[in-house]
Amino acid sequence: MRTAALPVPADQQPPADDVRQGLARNAVNFPDGIPGFEACRRFVLLSADSLAPLQRIESIEGPPAAFLGIDPRLVMEGYRCRLSETDMRALGAGPDTTLLWFAIISEADGDLYANLRAPIVINPQRMIGRQVLPDEGRYPIRHRLTNKA
Amino acid sequence: MLVFTRRRQEAIRIGDRIEVRVLRVGRDGVRIGITAPPDVPVHREEIYEEIRQANRASVATQIDLTALAERLRQP
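Throughout this description, residue numbers start from 1 for each chain and increase along the sequence as written. As they are written, the chains are lettered A onward and the ligands numbered 1 onward, keeping that order. Totals for whole chains, interfaces and linings use all residues, but because this is a predicted model, local features are given only for residues with pLDDT of at least 70 and pairs of side-chain atoms are given and counted only at 80 or more. To get the side-chain values, take all heavy atoms of the structure and skip hydrogens and water.

## Looking at the overall build of chain A
The test is simple: Helix numbers and strand numbers start at the N terminus; a helix is a DSSP run of H or I with at least 4 residues, a strand a run of E with at least 2. Working definition: with a 1.4 Å probe on protein chains only, accessible area under 20% of the residue-type maximum means buried, over 50% means exposed, and in between means partly exposed. For this analysis, residues touch if any pair of their heavy atoms sits within 4.5 Å. For every accessible area listed, the method is Shrake-Rupley and the probe measures 1.4 Å; residues are considered covered only by the protein chains on display.
On a plain count of helices and strands, chain A comes out with three helices and eight strands. Taking all 149 residues of chain A together, 47% fall into the buried category. Taking all contacts inside chain A whose residues are at least 6 apart in sequence as the whole, residues at least 24 apart take part in 52%. Only carbon and sulfur atoms are counted for the fraction: they give 48% of the accessible area of chain A, which is about 7,500 Å².

## Side note on the pairing of strand β6 (residues 111-123) of chain A
Residue and element names in this part refer to chain A. To keep it simple, the criterion reads: At least two bridges found by DSSP between two strands are what make those strands a pair.
The element β6 is largely enclosed, with a buried count of 12 among its 13 residues. Note: strand β5 (residues 100-108) against β6, eight bridges, orientation antiparallel. For Trp-101, the partnering residue across the bridge sits in β6 and is Val-121. Between the antiparallel neighbours β5 and β6 lie two residues, among them Asp-109 with a positive phi of about 50°. Where β6 and strand β8 (residues 143-144) come together, two bridges link them in antiparallel fashion. Note on β8: the bridge partner recorded for Ala-114 is His-143.

## Quick look at the confidence of the model for chain A
Residues and elements named next belong to chain A. Note the following rule: pLDDT is a per-residue confidence score from the predictor, ranging from 0 to 100.
Mean pLDDT over chain A: 83, with 81% of residues reaching 70 or higher. Put simply, helix α1 (residues 17-24) is where chain A has its lowest mean pLDDT, 63, and strand β7 (residues 128-131) is where it has its highest, 95. For the stretch residues 1-5, pLDDT sits under 50, and the model shows 15 contacts to residues farther than four places along the chain or on other chains.

## Digging into the packing of aromatic side chains
Spelled out, the test is: The aromatic pairing rule takes the rings of Phe, Tyr and Trp, using the six-membered ring of Trp, and pairs them if the centres are within 6.5 Å, calling planes under 30 degrees apart stacked, those over 60 edge-to-face and the rest tilted. Both a distance and an angle decide whether a charge sits over a ring: NZ of Lys or CZ of Arg must be within 6 Å of the ring centre and within 35 degrees of the ring normal.
Taken as a whole and assessed by the stated rule, the structure comprises five aromatic pairs over all chains. Relative to Phe67(A), the ring of Phe37(A) has its centre 5.4 Å away and its plane inclined at 90°; by these criteria the two rings are edge-to-face. Of this pair, Phe37(A) sits in the loop between β1 (28-29) and β2 (42-46) while Phe67(A) is found in strand β4 (residues 66-70), placing the two residues 30 residues apart along the sequence. Overall, the relative accessible area of 7% leaves Phe37(A) in the buried class. Assessed through its relative accessible area of 1%, Phe67(A) is described here as buried. Taken together, the aromatic side chains of Phe30(A), Phe37(A), Phe43(A) and Phe67(A) make up a single cluster linked through ring pairs. When the ring centre of Phe37(A) is taken as origin, the NZ or CZ atom of Arg56(B), which lies over that ring, is 5.0 Å away.

## Things to note about the nonpolar core
Here is the rule: Definition used in this section: a nonpolar core is a set of buried Ala, Val, Leu, Ile, Met, Phe, Trp, Tyr and Cys residues joined via side-chain atoms within 4.5 Å.
Ranked by internal contacts, the top residues of the largest apolar core, which has 25 residues, are Leu54(A) and Ile105(A). Going through the elements one at a time, β4, β5 and β6 of chain A together with α2 (65-73) of chain B are the ones with two or more residues in this core. Looking at this core element by element, the count peaks at four residues for β6(A). By size, the runner-up hydrophobic cluster in this structure holds 14 residues, among which are Phe30(A), Cys40(A), Phe67(A) and Ile104(A).

## Brief notes about unusual backbone geometry
For Met127(A), which is not a glycine, the phi torsion comes out positive at approximately 55°. Inspection of the secondary structure assignment puts Met127(A) in the loop between β6 and β7. A relative accessible area of 27% places Met127(A) in the partly exposed class. At Gln9(B), a position not held by glycine, the phi torsion is positive, near 75°. Secondary-structure assignment places Gln9(B) in the segment before β1 (11-14).

## Focus: the environment of Glu45(B)
Checked against the element boundaries, Glu45(B) lands in helix α1 (residues 45-59). For Glu45(B) and Val30(B), which are 15 residues apart along the polypeptide, the C-alpha to C-alpha distance reads 15 Å.

## A few points about the sheet that holds strand β2 (residues 18-25) of chain B
Residues and elements named next belong to chain B. Under the convention used in this document: Axes here mean lines fitted to C-alpha atoms, for a helix over just the part in contact, with angles spanning 0 to 180 degrees between N-to-C directions.
A sheet is described by the order of its strands in space; here three strands give the open sequence β1-β2-β3, paired in antiparallel fashion. Strand pairing shows two members of the sheet lacking a second neighbour, β1 and β3 (30-35), which therefore form its edges. In this sheet, neighbouring strand axes are inclined to one another by 20° on average, regardless of whether the strands run parallel or antiparallel. Sheet topology note: the β1/β2 ladder contains four bridges and is antiparallel.

Structure follows, in structure tokens:
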């Protein structure tokens with residue numbers, strides 16, 4: 001895995017501080033943080049036409065952190081990850097809540113991978129997010145993206 | 001680190017909401033039951049660590065975003 005910073009094109013540069021304050025109103029709270037980034041509790045979702053179907057999930061609090069996410073259902077047909085009662089409760093979600101799902105994308109040796117095992121799930125109605133960590137996942141942490149995603 | 005000796009079916013309480021109970025002791029492993037409120041995440045350490053590593057690698061990933069997005073948009 002490389003450790004260089006994300007080379008972000010000019011139109012996708014991280015927002016300046018005043019923009020951040022505006023974004024804070026649209027922040028998604030991650031009450032438990034994200035493993036590895038426990039100090040980051042507030043993130044924003046950034047999308048751009050040039051980025052679709054990817055979205056940027058960026059920390060606006062604590063150490064800088066930005067992930068690329070993609071709907072896991074675009075990566076794997078029939079993808080289905082069951083949320084535990086704990087997850088549903090943490091998200092403030094009911095059985096009818098529409099949730100947003102993101103598989104985090106990583107790169108290693110020129111290949112791209114989506115983390116289908118531990119997706120980020122967001123309840124847009126409550127603006128609460130969380131990374132789901134199923135103990136017995138049937139999906140891989142590193143699912144290689146082929147040309148067709 | 002606090003160290004306890006526990007036998008089968010004996011438990012340890014952490015605060016008033018968490019119980020860790022030894023269910024079975026075998027030659028190669030110990031079966032442990034954890035009772036915790038739903039807001040306390042409980043994970044096997046290696047799984048948590050694996051996800052943590054994956055997240056750390058993902059955030060520092062070097063990706064040509066535009067090229068990737070374009071590739072993913074192809075039918």
